[in-house]
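Spelled out, the chains give:
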Number of protein chains: 2
Amino acid sequence: MKKVNLKQKFKLFNEHWHPHILAELNQQEVKIAKLKGEFIWHKHKNEDELFLVIKGTLQIALRDKTVTLKKNEFLVVPKGVEHKPIAKKEVHVLLFEPKGTLNTGNKKSKLSRRKLNTI
Amino acid sequence: MKKVNLKQKFKLFNEHWHPHILAELNQQEVKIAKLKGEFIWHKHKNEDELFLVIKGTLQIALRDKTVTLKKNEFLVVPKGVEHKPIAKKEVHVLLFEPKGTLNTGNKKSKLSRRKLNTI
């Protein structure tokens with residue numbers, strides 16, 4: 001049982017769009033990621049996904065609108081809803097979602113990350 | 001699907017030790033609370049509980065040590081582990097735990113809050 005300092009954890013990796021696991025609880029995972037550029041359109045069949053911005057400005061494009069998240073703002077994208085994260089500048093984001101959620105959801109992509117490290 | 005601004009949500013209530021629900025996802029809830037003073041020793045039989053400090057300094061006493069959490073730091077208290085939150089000055093905290101988790105866990109107390117509002 002050790003505390004986790006978010007700022008320290010973000011210093012441990014640099015790759016964009018590659019989530020790292022910080023903690024597991026109740027069959028859910030807390031992950032962080034650095035984002036830059038445009039991700040791909042995708043959806044998660046069974047998982048709701050929470051994006052909490054720690055640093056920067058994250059746009060989450062939905063089919064009918066785009067939500068812009070700044071520091072200390074979050075959005076829950078429900079299962080089945082197509083979305084596309086966009087970070088014009090680097091964004092630090094915290095994710096809450098079920099254990100094993102694949103970052104690219106229903107899409108196979110070179111951006112898919114099936115093996116995540118716990119840091 | 002609306003974004004949630006944490007700072008704005010903390011302005012909507014003042015009572016200490018009374019969690020408010022911000023969002024539900026995957027049978028979990030995201031809650032926030034303002035804490036000040038000492039809570040009671042308790043544990044949760046079936047629920048792991050995450051405390052993320054948004055503002056202030058939160059001590060979480062465990063039976064064998066005390067963990068001190070500052071802004072942007074979190075701790076996961078596993079099910080079955082006795083703990084007692086202590087806030088010498090007011091703390092703003094975000095909680096992530098299964099839907100319906102009772103704030104006082106296995107203890108009945110005047111601090112128990114069985115009906116929580118979604119804000």
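**Topic: the overall build of chain A**
Looking only at helices and strands, chain A features one helix and eight strands. Helices and strands appear in chain A in the N-to-C order β-α-β-β-β-β-β-β-β. Taken over C-alpha atoms, the radius of gyration comes to 13 Å for chain A, in line with the 14 Å a tight globule of 119 residues would show. If you line up chain A on its principal axes, its C-alpha atoms span 40 × 30 × 25 Å. Counting across all 119 residues of chain A, residues that qualify as buried make up 36%. Considering only contacts within chain A whose residues lie at least 6 apart along the sequence, 65% involve residues at least 24 apart.

**As for the interface of chain B and chain A**
Listed by partner, the interface residues are 24 residues for chain B and 24 residues for chain A. Going through the elements one at a time, strand 1 (4–5), helix 1 (6–10), strand 2 (20–25), strand 3 (28–38), strand 6 (66–69), strand 7 (73–77) and strand 8 (83–98) of chain B are the ones with two or more residues in the side of chain B that touches chain A. Top contributing element to the side of chain B that touches chain A by residue count: strand 7 of chain B, with four residues. Across the side of chain B that touches chain A, the residue classes break down as 15 nonpolar, four polar and five charged. Summarising the sheet, strand 7 (residues 73–77) of chain A and strand 1 of chain B pair through two bridges and their orientation is antiparallel. Each residue of the ladder has a partner; that of Phe 74 of chain A, found in strand 1 of chain B, is Val 4 of chain B.

**A look at the relation of the copies chain B and chain A**
Between the two copies, chain B and chain A, the superposition gives an RMSD of 0.0 Å; the rotation angle is 180° and the shift along the axis is 0.0 Å. Accordingly, the operation relating the two chain copies is best matched by a two-fold axis. A share of 100% of interface residues in chain B that are also interface residues in chain A marks the association as one of identical surfaces.

**A short note on unusual backbone geometry**
Of note, Asn 72 of chain A is a non-glycine position whose phi angle comes to about 70°, a positive value. By secondary structure assignment, the location of Asn 72 of chain A is in the loop between strand 6 (66–69) and strand 7. Positive phi values are uncommon outside glycine, yet Asn 26 of chain B reaches one of about 50°. Note that Asn 26 of chain B resides in the loop between strand 2 and strand 3.

**Description of the confidence of the model for chain A**
With 100% of its residues at a pLDDT of 70 or more, chain A shows a mean pLDDT of 97. If you check the scores for this complex, the pTM reads 0.96 and the ipTM reads 0.95.

**Quick notes on the environment of Glu 15 of chain B**
Residues and elements named next belong to chain B. Here Glu 15 is to be found in the loop between helix 1 and strand 2. Accessibility expressed as a C-beta count within 10 Å gives 10 for Glu 15, which makes it exposed. Expressed as a C-alpha distance, the spacing of Glu 15 and Lys 45, which sit 30 residues apart in the sequence, is 26 Å.

**Let's talk about the pairing of strand 5 (residues 58–62) of chain B**
All names here are of chain B. Relative to strand 6, strand 5 is paired through four bridges, and the arrangement is antiparallel. In the strand pairing of strand 6, Ala 61 is matched with Thr 66. Hairpin connection between strand 5 and strand 6: a loop of three residues separates the two successive antiparallel strands.

**Quick word on the environment of Lys 88 of chain A**
All names here are of chain A. Topologically, Lys 88 is positioned in strand 8 (residues 83–98). On the basis of neighbour counts, which here come to 12 C-beta atoms within 10 Å, the residue Lys 88 falls in the exposed class. Taking C-alpha positions, Lys 88 is 6.4 Å from Lys 36, a pair spaced 52 residues apart along the chain.

**Here we look at the environment of Lys 110 of chain B**
On the secondary structure map, Lys 110 of chain B appears in the segment after strand 8. Sequence separation between Lys 110 of chain B and Gln 27 of chain B is 83 residues, and the spatial gap between their C-alpha atoms is 26 Å.

Reading the values: the criteria
- Residues numbered from 1 in each chain as written.
- Chains lettered and ligands numbered in written order.
- Predicted model: local features only at pLDDT ≥ 70, side-chain atom pairs only at ≥ 80, totals over all residues.
- Helix = DSSP H or I, 4+ residues; strand = E, 2+ residues; numbered from the N terminus.
- Rg over C-alpha atoms; globule rule 2.2 N^0.38 Å.
- Buried ≥ 20, exposed ≤ 12 C-beta atoms within 10 Å, placed from the backbone.
- Contact = placed C-beta atoms within 7 Å.
- Nonpolar A, V, L, I, M, F, W, Y, C, P; charged D, E, K, R; others polar.
- Pairing = 2+ DSSP bridges.
- Least-squares fit on C-alpha atoms with pLDDT ≥ 70 in both.
- pLDDT = per-residue confidence, 0-100.

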